[in-house]
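For reference, the chains in residue letters:
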Amino acid sequence: MSPHTGHSPARPPRSILPWLATPALVVYVGFAVVPLVGVFALSFTTWDGIGTINGSGLDSWRAVLTDPGLPHALWVTFLVMAVSWAVQTPLSILLGTFLAGRQRYRAVLGVVYFVPLMLSSAAIAIAYKALLDPNFGLGAGLKLPLLVQDWLGRPGLAFGVVVFVVSWQFVPFHTLIYQGGVQQIPTSLYEAAQLDGAGHVRQFFSITLPQLKYTVITSSTLMVVGSLTFFDLIFVLTEGGPGDATRVLALDMYKRGFQASLMGPASVIAVILVLVGLALALLLRRLGGRDAGASQLEGV
């Protein structure tokens, strides 16, 4: 209601509403649908990225699907996805709950925690690569034998470093999501719990976590689908090594397309990434229930 006229503000006619979405639809079609259709079409061709594009039918698909390296790349991709999710989610929930408090210093900490997300992934990878160097890195400089390891030269350690750096960079983003989710929880629930004698831990597990169900689904969807596109950080940090220990699908696509000049197989992997991401997003949405989208819109 308008405080001056007592009437609701004027709304545009329903016949105009579809036209208001036209600019966004044009941008989406031009920058999402058309490139996706183009990549799908390229997956049925032979092209080195410069010369003539020649149709090859299903040859590129057969070459990729029968490549023994594809299952390994899929396994590494899903492993990075699962482990990074298991690390990022609890930390993000705890930090988001902590930063949702009303103390003044928490606002300052929120800004500090958000700094890693503002940095370039390539710059972060270069910095960590220098810090973890066994000869000239942090461990050698501080003379700490525990840190003087061949972090990027041993498969297990290299995988752990990738997960750690990915989590370090993206925990702030998901912390912000959970902070907003916690702030949407009615304070009356906590007041009632305090009257019943529930402590902070009991309130967290009985009120905060159940109320964050749809926020967890949203954050997990972004986290899982986003992990399929990890490329620049891993490329600079390990280049998929040692061996193929950290060779994820996105990096495999780059090496086939831009290093081996096999745009057809690279396009096949791109289509596979899209299909896997779509399937995971739909699965997470189904796990969240039908009310997930409505709940998120109400929170906004």
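Residues numbered from 1 in each chain as written. Predicted model: local features only at pLDDT ≥ 70, side-chain atom pairs only at ≥ 80, totals over all residues. Heavy atoms only, no water.

Novice: Mind laying out the packing of helix α13 (residues 249-259) against helix α14 (residues 263-288), listing which residues take part and the relevant values?
Specialist: At their nearest, the axes of α13 and α14 sit 7 Å apart, and the two run at 160 degrees to each other. With respect to their mutual orientation, α13 and α14 come out roughly antiparallel. Between α13 and α14 lies a crossing whose hand is left-handed. Between α13 and α14, the residues in contact are Leu-249, Ala-250, Asp-252, Met-253, Arg-256, Gly-257 and Phe-258 and Met-263, Pro-265, Ala-266, Ile-269, Ala-270, Ile-272 and Leu-273, respectively. Looking at the contact of α13 with α14, its residues break down into 11 nonpolar, one polar and two charged. (Axes fitted to C-alpha atoms, helices over the stretch in contact; angles between N-to-C directions. Helix = DSSP H or I, 4+ residues; strand = E, 2+ residues; numbered from the N terminus. Parallel < 35°, antiparallel > 145°, perpendicular 65-115°, else oblique. Left-handed = near helix turned anticlockwise from the far one by under 90°. Contact = heavy atoms within 4.5 Å. Nonpolar A, V, L, I, M, F, W, Y, C, P; charged D, E, K, R; others polar.)

Novice: Residue-level account of the packing of aromatic side chains, with values.
Specialist: This structure, assessed with the given rule, holds 10 aromatic pairs. Between Phe-170 and Phe-230 the ring centres are 5.9 Å apart and the planes differ by 25 degrees, which places this aromatic pair in the stacked class. Separated by 60 residues along the polypeptide, Phe-170 in helix α8 (residues 155-183) and Phe-230 in the loop between α11 (213-227) and α12 (232-237) bring together distant segments of the chain. For Phe-170, a relative accessible area of 25% gives the class partly exposed. (Phe/Tyr/Trp six-rings, centres within 6.5 Å; stacked < 30°, edge-to-face > 60°. Buried < 20%, exposed > 50% of the residue type's maximum accessible area, 1.4 Å probe, protein only.)

Novice: So, unusual backbone geometry: which residues are in play, and what are the values?
Specialist: Put simply, Gly-241 and Pro-242 share a cis peptide bond, and its omega is -5 degrees. Structurally, Pro-242 is set in the loop between α12 and α13. Even without being a glycine, Lys-143 presents a positive backbone phi close to 55 degrees. Within the secondary structure, Lys-143 sits in the loop between α7 (138-142) and α8. Judged by relative accessible area, Lys-143 falls into the exposed class, the value being 69%. Notably, Glu-239 is not glycine yet its phi reads approximately 55 degrees, a positive angle. With respect to the element layout, Glu-239 can be found in the loop between α12 and α13.

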